[in-house]
Amino acid sequence: MELLAIGLIMGLGTLGPAIAIGLIGSRSADAIGRNPEASSKIQTAMILALAFAEAIAIYALVIALIVKFV
Amino acid sequence: MASSPVISIKAEPLFRLGELVVTNSLFLSWITALLLIAAGLVLWLSLKPVPGFLQNFFELVLEKTLEFMDTIIGNRRQSEKYLPIVLTIFLFVLTANWLGLMPGVGSVGLREHGHLVPLLRAPTADLNFTIALAVISLIFINIAGLVALGWKRHMSRFFNFSNPVMSFVGFLELVSEFVKIVSFSFRLFGNVFAGEVLLVIIGFLVPYVVPLPFLLMEFFVGIVQAFIFAMLTLVFIALAVSHEEAH
C-alpha cells in the first residue's frame, strides 16, 4: 500500500511542474527569438521561474522520500 | 544478495560536545566552513598589486558576480552593499554540495547497530542546515528592507489597512515570507538528498562505470542549486529594498 502511495505521489506530483517547466521554456525561447537584445533579462526571469516551478516537484519528492524512509 | 542500502533522512549523530549533538553533516559543514575561511585568509594575506593565479581567479569571480547583480539590482553601489551575503551563500552552498560528492563521504564510517554510520555526509542533505540557511537569508532580506526603507515603509508592505483588498494582500505577503523559508530549504534539501539517494541506489545496483553520468549530473545540480539559492536571496533583497509606497 505504501509503495502504491509513493508511486502515486511522484507520478501525480511531477505532472504539473513538468508542464509548467515546458511552458516556461517555450515561452522564454519565443521571447528571446522575438527580441534577442533583451535576452539576458529574459534568461534571468526564466531561470527564476524555473526554480520556483521545480521546487514544487521537489516538494512531492520530499514527501515521497519521507513516506519511503520514515 | 548483499543487504539493501540504508538511507536515512536524518543525519546520524557522531559524538556529543556537552549538550550539542554533532552529526556527520554538521561535522562536514564545519570542515567546509574551515576550508572557505582558510582560502580567504590565504588570499587576504597574499594580496599583490599584480595578482597571481588564485587572486586573479577570485577577482574574476567578483567582477562577474557584481555585473550579474547589477542586472538585477540596478546600480553598482547597492550591488557592492549586498555582495557579501549573496556570494557567501553561493560559495558556502557550492562547496558544501561539491564536498558531499567527494569519495569517502557517505561511504566511510563506523558500524553501529548492524549498519554503517558514515563519518561524513553532505551538509546540504541535512534539513537542519538548509532551514538554518533559509532563515538566515530571510532575516537578512528583512533587515536589508528595514535599513533601506525605514521601519514604517517596510512594515507597510505587510500591514496595510488602507482598504480591505490591501489588508488581504499584506496578510498574504506575511504568510509568503514564512513560506519562503520552507521553499528555500526544501528546494535545496530535496535536490541534494534526492541526488544522494540516487547515487546510493545506482551504486548498489551497478557499482562500475554506470554511476559516472549520475555523478556528473549531481556536480551540475550542486552548481545550479547554489546559484538559485543565492539568486533568489538577491531577487528578494532587491524587491524588499525597492518597495514603492504606491504598491
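All values derive from a computational prediction rather than experimental measurement.

Analysis parameters
- Positions within a chain are numbered from 1, following the residues in the order the chain's sequence is written.
- Starting at A for chains and at 1 for ligands, labels are handed out in the order in which the entities are written.
- Reporting of local features is limited, given that this is a predicted model, to residues whose pLDDT is at least 70; pairs of side-chain atoms are given and counted only at 80 or more, and all residues count toward the totals for whole chains, interfaces and linings.
- Where helices and strands are cited, they refer to DSSP runs of H or I of at least four residues and of E of at least two residues respectively, numbered from the N terminus.
- It is over C-alpha atoms that the radius of gyration is taken, and the globule rule equals 2.2 Å times the number of residues to the power 0.38.
- Any residue with 12 or fewer other C-beta atoms within 10 Å of its own C-beta is exposed, any with 20 or more is buried, and the rest are partly exposed; the C-beta atoms used are placed from the backbone.
- By definition, residues are in contact whenever their C-beta atoms, placed on the basis of the backbone, come within 7 Å of each other.
- Two strands are said to pair when DSSP picks up at least two bridges between them.
- Here an axis means a line fitted to C-alpha atoms, over the contact stretch when the element is a helix, while the angle between two N-to-C directions is reported on a 0 to 180 degree scale.
- Should an angle fall under 35 degrees it is called roughly parallel, over 145 degrees roughly antiparallel, and 65 to 115 degrees roughly perpendicular, with every other angle called oblique.
- Classification used: nonpolar for Ala, Val, Leu, Ile, Met, Phe, Trp, Tyr, Cys and Pro, charged for Asp, Glu, Lys and Arg, polar for all others including Gly.
- Helix span is expected to be 1.5 Å times the residue number reduced by one.
- In this analysis the local bend is the angle between axes fitted, respectively, to the seven residues ending at and the seven residues starting at the residue.
- One number per residue, pLDDT, summarises how confident the predictor is, and it ranges from 0 to 100.

Q: Quick question: what am I supposed to make of the overall build of chain A here?
A: A count of helices and strands for chain A gives 3 helices and 0 strands. Reading the secondary structure of chain A in the N-to-C direction produces α-α-α. For a compact globule of 70 residues, the expected C-alpha radius of gyration is about 11 Å, and chain A comes in at 16 Å, more than 25% above that figure. The principal-axis extent of the C-alpha atoms belonging to chain A is close to 55 × 15 × 10 Å. Counting the 70 residues in chain A, one finds 13% classified as buried. Here the analysis covers contacts within chain A between residues at least 6 apart in sequence; of these, 82% occur between residues at least 24 apart.

Q: Quick question: what am I supposed to make of the pairing of strand β2 (residues 20-23) of chain B here?
A: Walk down a regular strand and you will see the side chains alternate between the two sheet faces. Residues and elements named next belong to chain B. In the sheet, strand β1 (residues 13-17) pairs with β2 via 4 bridges, with the strands oriented antiparallel. If you follow L17 over to β2, its bridge partner there is L20. Between β1 and β2, which pair antiparallel in sequence order, lie 2 residues; one of them, G18, sits at a positive phi of approximately 70 degrees.

Q: Would you mind going over the pairing of strand β4 (residues 115-118) of chain B with me for this structure?
A: Residues and elements named next belong to chain B. Where strand β3 (residues 109-112) meets β4, 4 bridges bridge the pair, whose relative direction is antiparallel. Bridge pairing links R111 to L116 in β4. Once β3 ends, the chain turns through 2 residues before running back antiparallel as β4, passing H113 with a positive phi of about 50 degrees.

Q: I keep staring at the environment of F92 of chain B and nothing clicks. Help me out?
A: As for its position among the elements, F92 of chain B is in helix α3 (residues 76-99). In this structure F92 of chain B touches T32 and L36 of chain B, once residues within four positions along its chain are discounted.

Q: Explain the packing of helix α2 (residues 15-34) of chain A against helix α3 (residues 39-69) of chain A here, please?
A: Describing two packed helices takes the angle between their axes plus the distance from one axis to the other. All names here are of chain A. Two numbers describe how α2 lies on α3: the axes approach to 9 Å, and their chain directions differ by 175 degrees. What the angle tells us is that α2 and α3 run roughly antiparallel. In contact with G16, P17, A20, I21, I24, S28, A31 and I32 of α2, α3 contributes S39, I42, M46, A49, L50, A53, E54, I56 and A57. Grouping the constituent residues of the contact of α2 with α3 by class yields 13 nonpolar, 3 polar and 1 charged.

Q: Where do I start with the interface of chain A and chain B in this structure?
A: One frequently used descriptor of interface size is the decrease in accessible area upon assembly of the parts. At the interface, 13 residues of chain A touch 16 residues of chain B. A class-by-class count of the residues in the side of chain A that touches chain B yields 11 nonpolar, 2 polar and no charged.

Q: It is not clear to me how helix α1 (residues 2-13) of chain A should be interpreted in this structure. Could you clarify?
A: Residues three or four positions apart in an α-helix share a direction because the helix packs 3.6 residues into each turn. Its 12 residues place the ends of α1 of chain A 16 Å apart at the C-alpha level, agreeing with the 16 Å of an ideal helix rising 1.5 Å per residue. Burial runs low along α1 of chain A: only 0 of the 12 residues are buried.

Q: For this particular structure, what's the right way to read α3 of chain B?
A: All names here are of chain B. The terminal C-alpha atoms of α3 lie 32 Å apart, and with 24 residues this matches the ideal 34 Å at 1.5 Å per residue to within 8%. Largest kink in α3: about 50 degrees, centred on L83, with the proline P84 one to four residues after it. The inward-facing, buried residues of α3 abut α1 (24-45), α2 (53-73), α4 (127-149), α6 (164-205) and α7 (211-241).

Q: Even after reading the chapter, I still don't get the confidence of the model for chain B, so can you show me in this structure?
A: As a note on interpretation, predicted positions should not be read in detail where pLDDT is low. With 97% of its residues at a pLDDT of 70 or more, chain B has an overall mean of 87. With pTM at 0.88, the complex prediction returns an ipTM value of 0.79.

Q: Please clarify how the environment of A64 of chain A should be interpreted in this entry.
A: All names here are of chain A. Looking at the secondary structure, you find A64 in helix α3. Counting along the chain gives 51 residues from A64 to G13, while the straight-line C-alpha distance between them is 9.6 Å. Not counting residues up to four positions away in its chain, the partners in contact with A64 are I6, I9 and M10.

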